[in-house]
Amino acid sequence: DIQMTQSPSSLSASVGDRVTITCRTSQTISTYLNWYQQRPGKAPKLLISATSTLQSGVPSRFSGSGSGTDFTLTISSLQPEDFATYYCQQSYSTPLFTFGPGTKVDIK
Amino acid sequence: QGQLVQSGAEVKKPGASVKVSCTASGYSFSSYGITWVRQAPGQGLEWMGWVSPFNGRTDYAQKVQGRVTMTTDTSTSTAYMELRSLTSDDTAVYYCASITGGAFDKWGQGTTVTVSS
């Protein structure tokens, strides 16, 4: 099974800050990596697929990069609505999928 | 662009079974797999498995293998997830989602399942 880690597990940031979240996998997955945002009490929302493809309607301040085992989600200028938990998910081993443990972004 | 609507909250006793439904609209149901993901209180997302509405193929996570069955009814564009032999560890919000290119692009609103004696 492909294991996934995320760092940090949580962070505190201010509006306007640049935020970077890292996702690492236990084996190489090429670019088969997706990112989700989950606000409290809501269903997750797909932000980025295939490492760097921004979904329709997702603000351009979100971006993704990486390949192999190391991946990054960056929010260039944090907005109030971005305070949420972010999860990475690998689809390399389709149809068996795995989520990372999540990174909670809250207000400093 | 389509949506998924799930059935309502359930309260079950330990040892019982639960069956959650997920009804799709606004897109071609048979063309995209349906996956099920659960989230225990205060915890992260846990992938449970998926089902193909096209041919009924399923794959399940090892943790629930043997206790879960995922099915679809293409005549009503509905997917089902049945979990048996429930314990308190199965208390969670259960989500269905459609799969496009390995990403879960549409999500249901979630169904809370509470297992309590």
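Predicted model only: the values in this text are computed from it and were never measured. (Residues numbered from 1 in each chain as written. Chains lettered and ligands numbered in written order. Predicted model: local features only at pLDDT ≥ 70, side-chain atom pairs only at ≥ 80, totals over all residues. Heavy atoms only, no water.)

Participant: Would you mind going over the overall build of chain A with me for this structure?
Facilitator: Tallying secondary structure elements over chain A gives zero helices and 11 strands in all. The order of helices and strands in chain A, counted from the N terminus, is β-β-β-β-β-β-β-β-β-β-β. Relative to the 2.2 N^0.38 estimate, which gives 13 Å for 108 residues, the radius of gyration of chain A is 13 Å and therefore close to what a compact globule would have. The C-alpha extent of chain A, read off along each of the three principal axes, is 35 × 25 × 25 Å. In chain A, which comprises 108 residues, the proportion classed as buried is 46%. Here the contacts in chain A between residues at least 6 apart in sequence split such that 55% fall between residues at least 24 apart. (Helix = DSSP H or I, 4+ residues; strand = E, 2+ residues; numbered from the N terminus. Rg over C-alpha atoms; globule rule 2.2 N^0.38 Å. Buried < 20%, exposed > 50% of the residue type's maximum accessible area, 1.4 Å probe, protein only. Contact = heavy atoms within 4.5 Å.)

Participant: How should the nonpolar core be read in this particular structure?
Facilitator: Residues A:Phe99, B:Ile34, B:Trp36, B:Met81 and B:Phe104 are the most contacted members of the largest nonpolar core, which totals 40 residues. When contributions to this core are tallied by element, the ones reaching two or more residues are strand E3 (18-25), strand E4 (33-39), strand E5 (46-51), strand E7 (68-73), strand E8 (78-83), strand E9 (92-100), strand E10 (103-107) and strand E11 (111-115) of chain B. Broken down by element, this core gets its largest block of residues, six residues, from E9(B). Discounting chain neighbours no more than four positions away, the residues touching A:Phe99 are A:Met4, A:Tyr36, A:Tyr87, A:Cys88, A:Gln89, B:Val37, B:Leu45, B:Trp47, B:Phe104 and B:Trp107. (Core = buried A, V, L, I, M, F, W, Y, C linked by side-chain atoms within 4.5 Å.)

Participant: Sorry if this is basic, but what is going on with the interface of chain B and chain A here?
Facilitator: Counting residues at the interface gives 20 residues for chain B and 16 residues for chain A. When residues of chain B are sorted by the area they lose upon contact with chain A, B:Leu45, B:Trp47 and B:Phe104 head the list and together hold 38% of the total. Viewed at the interface, chain A and chain B are joined by zero salt bridges. Put simply, chain B and chain A have seven residue pairs in polar contact (both at pLDDT 80 or more) between them. Broken down by element, the side of chain B that touches chain A gets its largest block of residues, four residues, from E10(B). (Buried area = accessible area lost by both parts, 1.4 Å probe. Salt bridge = Lys/Arg side-chain N within 4 Å of Asp/Glu carboxyl O. Polar contact = N/O pair within 3.5 Å; in protein donor to acceptor, adjacent residues only side chain to side chain.)

Participant: Would you mind showing me how to read the layout of surface pockets here?
Facilitator: Taken as a whole, the largest pocket spans an internal volume of roughly 510 Å³. Of all the secondary structure elements, the ones that give two or more residues to the lining of the largest pocket are strand E10 (98-99) of chain A together with E5 of chain B. When the residues that make up the lining of the largest pocket are grouped by side-chain class, the tally is 10 nonpolar, seven polar and three charged. Of the voids in this model, the second largest pocket is the one considered here, and its volume is about 430 Å³. As for the second largest pocket, its lining consists of 16 residues, and the residues nearest its centre are A:Gln55, B:Gln1, B:Gly2, B:Asp105 and B:Lys106. (1 Å grid on protein atoms, 1.4 Å probe; cavity = no way out; pocket = protein on both sides within 12 Å on 5 of 7 lines; lining within 4 Å. Points joined across faces, edges and corners; volume = space filled by probe spheres on them. Nonpolar A, V, L, I, M, F, W, Y, C, P; charged D, E, K, R; others polar.)

Participant: Sorry, what's going on with the pairing of strand E8 (residues 70-75) of chain A here?
Facilitator: Walk down a regular strand and you will see the side chains alternate between the two sheet faces. All names here are of chain A. Relative to E8, strand E3 (residues 19-25) is paired through six bridges, and the arrangement is antiparallel. Considered in E8, the bridge of threonine 22 is made with threonine 72. Bridge analysis of strand E7 (residues 62-67) against E8 gives six bridges, and the strand direction is antiparallel. Bridging from a neighbouring strand, glycine 64 pairs with leucine 73 of E8. (Pairing = 2+ DSSP bridges.)

Participant: How should the state of the cysteines be read in this particular structure?
Facilitator: When the sulfur atoms of two cysteines share a covalent bond, that bond is a disulfide. Residues and elements named next belong to chain A. Under the criterion given, the structure shown has two disulfides over all chains. Covalently, cysteine 23 is tied to cysteine 88 through a disulfide, its sulfur atoms 2.2 Å apart. Taking the sign of the torsion about the S-S bond as the criterion, the disulfide between cysteine 23 and cysteine 88, at about 75 degrees, is right-handed. Here cysteine 23 is found in strand E3, whereas its partner cysteine 88 is found in strand E9 (residues 85-90), with 65 residues between them in sequence. Overall, cysteine 23 belongs to the buried group, its relative accessible area being 0%. When its relative accessible area of 0% is taken as the criterion, cysteine 88 is described as buried. (Disulfide = S-S within 2.5 Å.)

Participant: Before we go on, may I ask you to explain the sheet that holds strand E1 (residues 3-6) of chain B in this structure?
Facilitator: Hydrogen bonding along the main chain pairs the strands of a sheet, whether they run parallel or antiparallel. All names here are of chain B. The antiparallel open sheet is built from four strands, whose spatial order is E1-E3-E8-E7. The sheet is open, and its two edges are formed by E1 and E7, each paired on a single side. Each adjacent strand pair in this sheet contributes to an overall mean axis angle of 20 degrees, direction not counted. Looking at chain direction, E7 and E8 are connected through six bridges and run antiparallel. Its bridge partner lying in E8, methionine 70 is registered against methionine 81. (Axes fitted to C-alpha atoms, helices over the stretch in contact; angles between N-to-C directions.)

Participant: Quick question: what am I supposed to make of unusual backbone geometry here?
Facilitator: Most peptide bonds take the trans form, and the phi angle of most residues other than glycine is negative. Residues and elements named next belong to chain A. A cis geometry characterises the amide bond from serine 7 onward to proline 8, with omega recorded as -5 degrees. Tracing the backbone shows proline 8 in the loop between strand E1 (4-7) and strand E2 (10-13). Residue proline 95 is bonded to the preceding threonine 94 through a cis peptide linkage, with omega at 10 degrees. Take proline 95: it is sitting in the loop between E9 and E10.

So far we have only geometry, and geometry alone does not tell us how the molecule works.
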